[in-house]
Amino acid sequence: MKKYIFIVSIILTTSFFISCKGKEKVVDKNELQEINLGVMQSMDYVPFTVAQKQGIYDSLGLKVNFIKYLSSSDLEHEFKLGKLDGAITDLTRAITLQANGSKLKVIMKNDGILYLIAGKESGIKKLTDLRKMNIGVSENTITDFSTDIALKAANILTVNVNKPNISKITVRLEMLQNGQIDAAFFPDPYATIAIRDGHKSLESTKDLGINATATLFSENAIKDKNNEIMALILGYNLGINFIKSHPKNEWIETLSEDFDLARSVVKQIPLPDYHRAELPKIKDIKASIGWLKIKQLIPEDYNEKNLVDSTFVNQP
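What you are looking at is a predicted structure, and each value in this text was computed from that prediction instead of being measured.

J.: Account for the environment of Thr89, naming residues and giving values.
T.: Assignment of secondary structure puts Thr89 in strand E5 (residues 86-90). Judged by its relative accessible area of 6%, Thr89 falls in the buried class. Those residues in contact with Thr89 that lie beyond four places of it in its chain are Ala94, Ala212, Thr213, Ala214 and Leu216.

So, in structure tokens, the structure goes:
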């Protein structure tokens, strides 16, 4: 690890190169402002936190403050108040916020996975068993969206299930553990905790072809902290390089401390197939827009034209 950081530090002693849509830009790391990034407790932001804990952001001269939330509504409230420069959230929420007046842009997609977990006493063994069950969701977020996609795959109408709104993820897990709901979508580490306790994973968003989480920034931050966002993404990519080139046991303490979980639990968490920073795919954006229009959460004339800022990374 020390050798890795030493090499990064040598390369980035006083300045660094950032590739921006095929062009390189030299940035003086001593001039960078700090960034406040809101995150949900999930595997989506792991490359960022690995970059921080391994000293990569220190080498870049960037201070990143990760502000953690247990519900999308709390994160969005503070984003609207201007307390956050950016956030990792659902495409559905990013679109809804923008459509309702928030000045923001999506700058990259993330690679976290959610798992549909059925309670061990629910009797649910497959998707078609979800009919007439209580499926906990955080309303109008990726958990709600993914639940509807899973129901569609099982040929179940949404009117034939009950979807109680449980916005806080820890409460949703507790209710599953206590048999108060029959199933729900969870990101890791919560999915692994549930499976460890005997509950069953039915499907994942990956299985269902859903990739609907993204990093967004306010337009003010994009204007005022352009170099900082570039450095953030560079650190993200270097974090992924570190994850892929080092055994998990060399950096497992990062996850253990960040998630406040025992190493034995963290060892069981499967890693997503992390990709270097790239933009969301158009099909994923359109799927989220279509769902939101059906639910009448955004205007019918809304389109994705102004959603994405492609300044920082290339379209896949």
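J.: So what's going on with the sheet that holds strand E10 (residues 200-204)? Which residues, and what values?
T.: Strand order in the open sheet made by the 4 strands is E8-E9-E7-E10, with mixed pairing throughout. Both edges of this open sheet fall to strand E8 (135-136) and E10, since each of them pairs with a single strand only. Inspection of the sheet shows strand E7 (residues 114-118) paired to E10 by 4 bridges, in the antiparallel sense. Note on E10: the bridge partner recorded for Ala118 is Lys200. Against the sheet, helix H6 (residues 142-153) touches E7, E8 and strand E9 (183-187), its axis set at about 125° to E9. Of the strands in this sheet, E7, E8 and E9 are in contact with helix H7 (residues 169-177), which crosses E9 at around 135°.

J.: How would you sum up the sheet that holds strand E4 (residues 64-69)? Please name residues and give values.
T.: Reading across from one edge, E4-E3-E5-E11-E6 is the order of the 5 strands in this open sheet, with mixed pairing throughout. This sheet does not close on itself; its edge strands, each paired only once, are E4 and strand E6 (104-109). Along the sheet, successive strands turn relative to each other by an average axial angle of 30°, direction set aside. Across 2 bridges, the pairing between strand E3 (residues 35-40) and E5 is parallel. Across the sheet, Gly38 pairs through a bridge with Ala87, a residue of E5.

J.: Describe in detail helix H5 (residues 91-99), supporting the description with residues and values.
T.: Helical periodicity: at 3.6 residues per turn, an α-helix aligns residues three or four positions apart in one direction. Taken across its 9 residues, H5 has 9 buried, putting it largely inside the fold. Turning to H5, its buried residues number three or more, namely Leu91, Thr92, Arg93, Ala94, Ile95, Thr96, Leu97, Gln98 and Ala99. On its buried face, H5 is in contact with helix H4 (72-80), E5, E6, H6, strand E11 (213-218) and helix H13 (282-294). Positioned one or two residues after H5, Gly101 has a phi angle of 110°, which is positive.

J.: Go over helix H10 (residues 226-245), please, and point to the residues and values.
T.: In a regular helix each residue adds 1.5 Å, so 20 residues correspond to 28 Å; H10 covers 29 Å between its end C-alpha atoms and thus fits that length. Taking burial as the measure, the 20 residues of H10 include 14 buried ones, the bulk of the element.

J.: Could you give an account of the pattern of salt bridges, with specific residues and numbers?
T.: Enumeration over the complete set of coordinates arrives at 17 salt bridges. In this structure, Asp85 engages Lys225 in a salt bridge whose closest nitrogen and oxygen atoms are separated by 3.1 Å. Within this pair, whereas Asp85 is found in the loop between H4 and E5, its partner Lys225 is found in the loop between helix H9 (219-224) and H10, the two being separated by 140 residues in sequence. Residue class for Asp85 comes out buried when judged on its relative accessible area of 12%. For Lys225, a relative accessible area of 14% gives the class buried. Within the structure, one salt-bridge network assembled from shared partners comprises Lys53, Lys68, Glu257 and Asp258.

J.: I'd like a description of the nonpolar core, backed by residues and values.
T.: Judged by nonpolar contacts, the single largest core of 59 residues is most densely connected at Val46, Phe48, Tyr57, Phe186 and Phe217. By residue number, the principal contributor to this core is H10, which donates 10 residues. Apart from residues lying up to four places away in sequence, Phe217 is in contact with Ile35, Leu37, Phe79, Asp85, Gly86, Leu104, Lys105, Ile107, Ile222, Ile229 and Leu232. Counting residues in each nonpolar core, the second largest holds 43 residues, with Ile95, Leu114, Ile135 and Ile298 among its members.

J.: Tell me about the packing of aromatic side chains, residues and numbers included.
T.: Applying the stated criterion across every chain yields a total of 4 aromatic pairs. Geometrically, the ring pair formed by Phe145 and Trp291 is edge-to-face, given 5.4 Å between the ring centres and 70° between the ring planes. Here Trp291 lies in helix H13 and Phe145 lies in helix H6, a separation of 146 residues in the sequence. We note that Phe145, like Trp291, is buried. Aromatic rings pair up to connect Tyr45, Phe48, Phe66 and Tyr236 into one cluster.

J.: Lay out the environment of Pro164 in plain terms, naming residues and giving numbers.
T.: By the element assignment, Pro164 lies in the loop between H6 and H7. Setting aside anything within four residues of it in sequence, one finds Pro164 in contact with Ile135, Gly136, Val137 and Ile181.

Thresholds, definitions, all that
Residues numbered from 1 in each chain as written. Predicted model: local features only at pLDDT ≥ 70, side-chain atom pairs only at ≥ 80, totals over all residues. Heavy atoms only, no water. Helix = DSSP H or I, 4+ residues; strand = E, 2+ residues; numbered from the N terminus. Buried < 20%, exposed > 50% of the residue type's maximum accessible area, 1.4 Å probe, protein only. Contact = heavy atoms within 4.5 Å. Pairing = 2+ DSSP bridges. Axes fitted to C-alpha atoms, helices over the stretch in contact; angles between N-to-C directions. Expected span 1.5 Å × (residues − 1). Salt bridge = Lys/Arg side-chain N within 4 Å of Asp/Glu carboxyl O. Core = buried A, V, L, I, M, F, W, Y, C linked by side-chain atoms within 4.5 Å. Phe/Tyr/Trp six-rings, centres within 6.5 Å; stacked < 30°, edge-to-face > 60°.

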